[in-house]
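Chains, contacts and geometry: an overview
Letter by letter, the chains look like this.
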Amino acid sequence: MGQIAVLDQNMVNMIAAGEVIERPASVVKELVENSIDAGATKITVTIEDGGRKLMSITDNGCGMDADDLARAFESHTTSKIKASSDLLGISTLGFRGEALASIASIAQIRAVSRTKDSTCANCIEIDCGSKGIVSPCSADYGTTIQIRDIFYKLPARRKFLKTANTEMGHITEQFTRIALANENLDLTLIRNGKELYRLSDKDDLRRRITKLFPMSSSDISENLIEAESSEKGLHVHTLMGKPLISRTNNRFQYVFLNGRFIRDKFISHAIKEAYRGLLEPGRFPVVFLFIRMRFEDYDVNVHPTKIEVRFYNANLVHSQILGALREKLLGTNLEMPGKLPEMQHAGSTSRSSPPARDHRIADAMAEFFRKHRPVQMQQQLGFHPSSPGKVHAVSREKSAQYDRIYLQIHDSFIVAQTEDGFVIIDQHALHERIIYEDLCRRIRKNKLQSQRLLIPESFEVTVSAAEALKANAELTDKLGIELVPFGPRTMAVQAFPTLLSSVQPLDFIQDLIDLLDRKDAGLDAERLLDEVLNMAACKAAIKAGQKLTDSEIEQLLADRQQTESASRCPHGRPTTIKFSISELEKQFKRT
Ligand code: ADP
Ligand code: MG
């Protein structure tokens, strides 16, 4: 007898659910998308216990009659496509006819629906695939679908659910995507009986962004630049974050194609390229990008969750997005003009540093050597700190043996004489290394010393941010950061590490939250701490473009002697480039 059997329908649905329904948030996504496809203008999402206990979605869309209500939960049933030709230009969010059947196979469902022309509503209950009969009931126009006890017959899947707050974070993320993509939808999210977000159809995009992203340090929407372009049937509208609100990960890049949230490597690349030279390595821009194009120009039938699409002309998409973003960015005063390219560190291979800058450095160096060639003049120069131009040379008998002569060029690099030549030091990179090592040493021994803020600084937190901070209380404590709850969605910093006194506490905490959020992506405790210390060092370090006093330079050079791996910044870039006198002599054809 053969071994192969046809699977029963509920098994098929459960397998499909494995692809489409990863967690409670996937249910919310599928159901809200159905409501949008049904023409709803008002949708309310109610969640209890992170979606484990209850997820309920109510809409005022077209509703279903009794027959459709019974059919909607069978597999491969849809009203959105009929013939294979329909697959060539899908204009609805759903089309696979799988979501309701999948959800019905893994939870308890109660669905109530009423069409506009019907005098009463109908209701159906389904328990993990076993379906009750449709019966009349009373309800308003539209549809309500309630999902209870997700995965209750699949203990293995239920076990993989994270805490209620984490699951709620994922639900909020799905809600956010839908709220951004549908400006004229009235949307409400309720958690455990309390209203979390309420977006009216009158809230435009900027207002929605402000409500959805309560950033700690500044109002995000004030730092967004708007651009629009339309060419060859492709319409691009974007709100781009200025470099100063960049983040440590790319989670703040929201890309929508005809109202559908997508992830696409061509588009991510275009965004990255548009910001080239405007951000430090490891920073990601905040971008909200809305693309409109003909449904026939791409395929959404690529991935079960429809988060990926296939563009028929990916080059056009890439070049137009890059062009629109880049042009606008370069044409905008980004508040730190001229300073941004200076963030490039010495030894960086980036092509973005303009050749003019290399010339400026070369000129300054030439001037330095012209002035310093006669050894007898050194002493004299030391007493003329305001010598012409920007060049500023000092010699101190008392200074460390190797660093007797130095100058700061372009407020970014320090050129210092050594015993057998000279070094060029990237002031930011070196200082970053020094602070990083200091932090590592201290934290190995004890927690960082902190100081109380005179006035605690409060900030709003999202559910997932609060959860991330709570889960990492030990880490924040070790860092000497004291946080206290200050209201339902507000927290306050009460104490902050003394060593980071030059850093804005809220700015630091925002980036810390971003980092902690990434922890789910597999950073172990040690790597995480290292990343946090890296970030702290980078923020506390003197910047490129910052004029230093003689004593600050001397301190830096002295600390350099004490630092173990002084030649590399914590990110692995060089802090120092060395030149030997013999090399110079060769170059000047003296030998
Ligand atoms: P799909 O969305 O891919 O068509 P679903 O399983 O999500 O498949 O839904 C099946 C069908 O049920 C839909 O095609 C639609 O006709 C109907 N339906 C689902 N949700 C709603 C709703 N909220 N209002 C009206 N009709 C709905
Ligand atoms: Mg659907």
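Residues numbered from 1 in each chain as written. Chains lettered and ligands numbered in written order. Predicted model: local features only at pLDDT ≥ 70, side-chain atom pairs only at ≥ 80, totals over all residues. Heavy atoms only, no water.

Moving on, we come to the packing of aromatic side chains. Any pair of aromatic rings gets described here by the distance separating the centres and the angle formed by the planes. Applying the stated rule across the entire model yields 12 aromatic pairs. Each ring, one from phenylalanine 175 and one from tyrosine 197, has its centre 5.9 Å from the other, and the planes form 25 degrees; the classification is stacked. Here tyrosine 197 lies in strand β9 (residues 194-199) and phenylalanine 175 lies in helix α6 (residues 164-181), a separation of 22 residues in the sequence. For phenylalanine 175, a relative accessible area of 4% gives the class buried. Ring plane angle 55 degrees and centroid distance 5.8 Å describe the contact between phenylalanine 213 and phenylalanine 252, whose orientation is recorded as tilted. Taken together, the positions of phenylalanine 213 in the loop between α7 (205-212) and β10 (224-231) and phenylalanine 252 in the loop between β11 (234-241) and β12 (253-257) put the pair 39 residues apart, joining distant regions of the chain. Here phenylalanine 213 matches phenylalanine 252 in class, with each residue buried. Through a chain of ring-to-ring contacts, the aromatic side chains of Phe213, Phe252, Tyr254, Phe256, Phe261, Phe288 and Phe290 assemble into a single cluster. Cation over ring: arginine 489 sits above tyrosine 197, and NZ or CZ is 5.0 Å from the ring centre. (Phe/Tyr/Trp six-rings, centres within 6.5 Å; stacked < 30°, edge-to-face > 60°. Helix = DSSP H or I, 4+ residues; strand = E, 2+ residues; numbered from the N terminus. Buried < 20%, exposed > 50% of the residue type's maximum accessible area, 1.4 Å probe, protein only. Lys NZ or Arg CZ within 6 Å of the ring centre and 35° of its normal.)

Let's shift gears to the site of ligand 1. By nearness alone, 19 residues border ligand 1, and Asn34, Thr78, Ser79, Lys80 and Gly97 come closest of all. Contact distances for ligand 1 include 2.9 Å between an oxygen atom and a backbone N or O atom of leucine 100. Calculation on ligand 1 without its partners gives an accessible area of 530 Å², and the protein chains cover 93% of this total. Looking at the shell around ligand 1, the elements that each hand over two or more residues are α2 (24-37) and α4 (99-104). Residue composition of the shell around ligand 1, grouped by class: six nonpolar, nine polar and four charged. (Near = heavy atom within 4 Å. Polar contact = N/O pair within 3.5 Å; in protein donor to acceptor, adjacent residues only side chain to side chain. Areas by Shrake-Rupley, 256 points an atom, 1.4 Å probe, with all protein chains shown as cover. Nonpolar A, V, L, I, M, F, W, Y, C, P; charged D, E, K, R; others polar.)

This part covers the packing of helix α8 (residues 265-274) against helix α9 (residues 314-330). The geometry of α8 relative to α9 is characterised by a closest axis approach of 8 Å and an angle of 25 degrees between their N-to-C directions. Between α8 and α9, the angle falls in the class roughly parallel. The two elements α8 and α9 cross, and the hand of that crossing is right-handed. Counting all contacts with α8, which are made through Phe266, Ile267, His269, Ala270, Ile271, Glu273 and Ala274, the residues of α9 involved are Ala314, Val317, His318, Ile321, Leu322, Leu325, Arg326 and Leu329. Of the residues in the contact of α8 with α9, the class split is 11 nonpolar, two polar and two charged. (Axes fitted to C-alpha atoms, helices over the stretch in contact; angles between N-to-C directions. Parallel < 35°, antiparallel > 145°, perpendicular 65-115°, else oblique. Left-handed = near helix turned anticlockwise from the far one by under 90°. Contact = heavy atoms within 4.5 Å.)

Turning next to a nonpolar patch on the surface. A cluster of nonpolar side chains, contributed by Leu7, Met11, Val12 and Ile15, occupies part of the molecular surface with about 330 Å² of accessible area. Topologically, valine 12 is positioned in helix α1 (residues 9-20). (Patch = residues over 30% accessible without salt bridge, like charges linked within 9 Å, V, L, I, M, F, W, Y side chains within 5 Å. Salt bridge = Lys/Arg side-chain N within 4 Å of Asp/Glu carboxyl O.)

A separate point is the sheet that holds strand β14 (residues 287-293). Taken together, five strands build an open sheet; the order of strands is β10-β11-β14-β12-β13 and the sheet is mixed. In this open sheet, the two edge strands, each paired with only one partner strand, are β10 and β13 (260-262). Across the sheet, the mean angle separating the axes of adjacent strands is 20 degrees when strand polarity is ignored. Pairing between β12 and β13: three bridges, direction antiparallel. Following the sheet pairing, phenylalanine 256 is matched in β13 by phenylalanine 261. Running over the sheet, α6 touches β12, β13 and β14 and is turned about 55 degrees from β12. (Pairing = 2+ DSSP bridges.)

Turning next to the pattern of salt bridges. Counted under the stated rule, the structure contains 28 salt bridges. Three or more residues are tied together by salt bridges with common partners; here these are Arg283, Asp507, Asp511 and Lys539.

Helix length check: α1 (12 residues) gives 16 Å between terminal C-alpha atoms against 16 Å at 1.5 Å per residue, within 8%. Burial in α1 covers these residues: Asn13, Ala16, Ala17 and Val20. For α1, the buried positions fall inside an angular range of 110 degrees around the axis, keeping them on one side. Contact partners of the buried residues in α1: α2, α4 and α5 (155-159). (Expected span 1.5 Å × (residues − 1). Arc of directions from axis to C-beta.)

What follows deals with the nonpolar core. By size, the foremost hydrophobic cluster in this structure holds 63 residues, and its most contacted members are Phe73 and Phe288. In terms of residue count, α6 provides more of this core than any other element does, seven residues in total. Look past the residues within four positions of phenylalanine 288 in its chain and what remains in contact with it is Leu180, Ile209, Phe213, Ile220, Leu224, His237, Thr238, Leu239 and Tyr254. By size, the runner-up hydrophobic cluster in this structure holds 35 residues, among which are Tyr436, Leu439, Phe508 and Ala541. (Core = buried A, V, L, I, M, F, W, Y, C linked by side-chain atoms within 4.5 Å.)

Right, let's talk about the side chain of asparagine 13 for a bit. On the secondary structure map, asparagine 13 appears in helix α1. Aside from chain neighbours lying at most four places away, what touches asparagine 13 is Ser75, Ala101, Ser102 and Ser105.

A few words now on the pairing of strand β18 (residues 405-409). Side-chain direction in a regular strand flips from residue to residue, so the side chains alternate between the two faces of the sheet. The buried count for β18 comes to five of five residues, which makes it a mostly enclosed element. Side chains Ile405, Leu407 and Ile409 project from β18 onto one buried face, and the interleaved Tyr406 and Gln408 project onto a second face that is buried too. Bridge analysis of β18 against strand β19 (residues 413-418) gives four bridges, and the strand direction is antiparallel. Within β19, the position partnered with isoleucine 409 by the bridge is phenylalanine 413.

On to the pairing of strand β4 (residues 121-127). Burial runs high along β4: five of the seven residues are buried. Between strand β3 (residues 108-114) and β4, which pair antiparallel one after the other, the connecting turn spans six residues. In this structure, β4 lies alongside strand β5 (residues 130-131), joined through two bridges in antiparallel fashion. Considered in β5, the bridge of isoleucine 126 is made with lysine 131. A loop of two residues connects β4 with β5, the two strands running antiparallel in sequence, and cysteine 128 in this loop sits at a positive phi of about 45 degrees.

Before going further, it helps to examine the packing of α6 against α7. Where α6 meets α7, the closest approach of the two axes is 9 Å, and the angle between their N-to-C directions is 165 degrees. In this view, α6 runs roughly antiparallel relative to α7, as classed from their interaxial angle. Pair α6 / α7 crosses with right-handed handedness. Here Phe175, Thr176, Ala179 and Leu180 of α6 lie close against α7, whose contacting residues are Leu205, Arg208, Ile209 and Leu212.

Moving on to the confidence of the model for the protein. Per-residue confidence for the protein gives a mean pLDDT of 84, with 85% of residues at or over 70. Note on residues 335-359: pLDDT is under 50 here. Beyond four places in sequence and across chains, it has 36 contacts. Segment residues 368-403 is flagged for pLDDT under 50; beyond a separation of four residues in sequence, or across chains, it makes 58 contacts in the model. (pLDDT = per-residue confidence, 0-100.)

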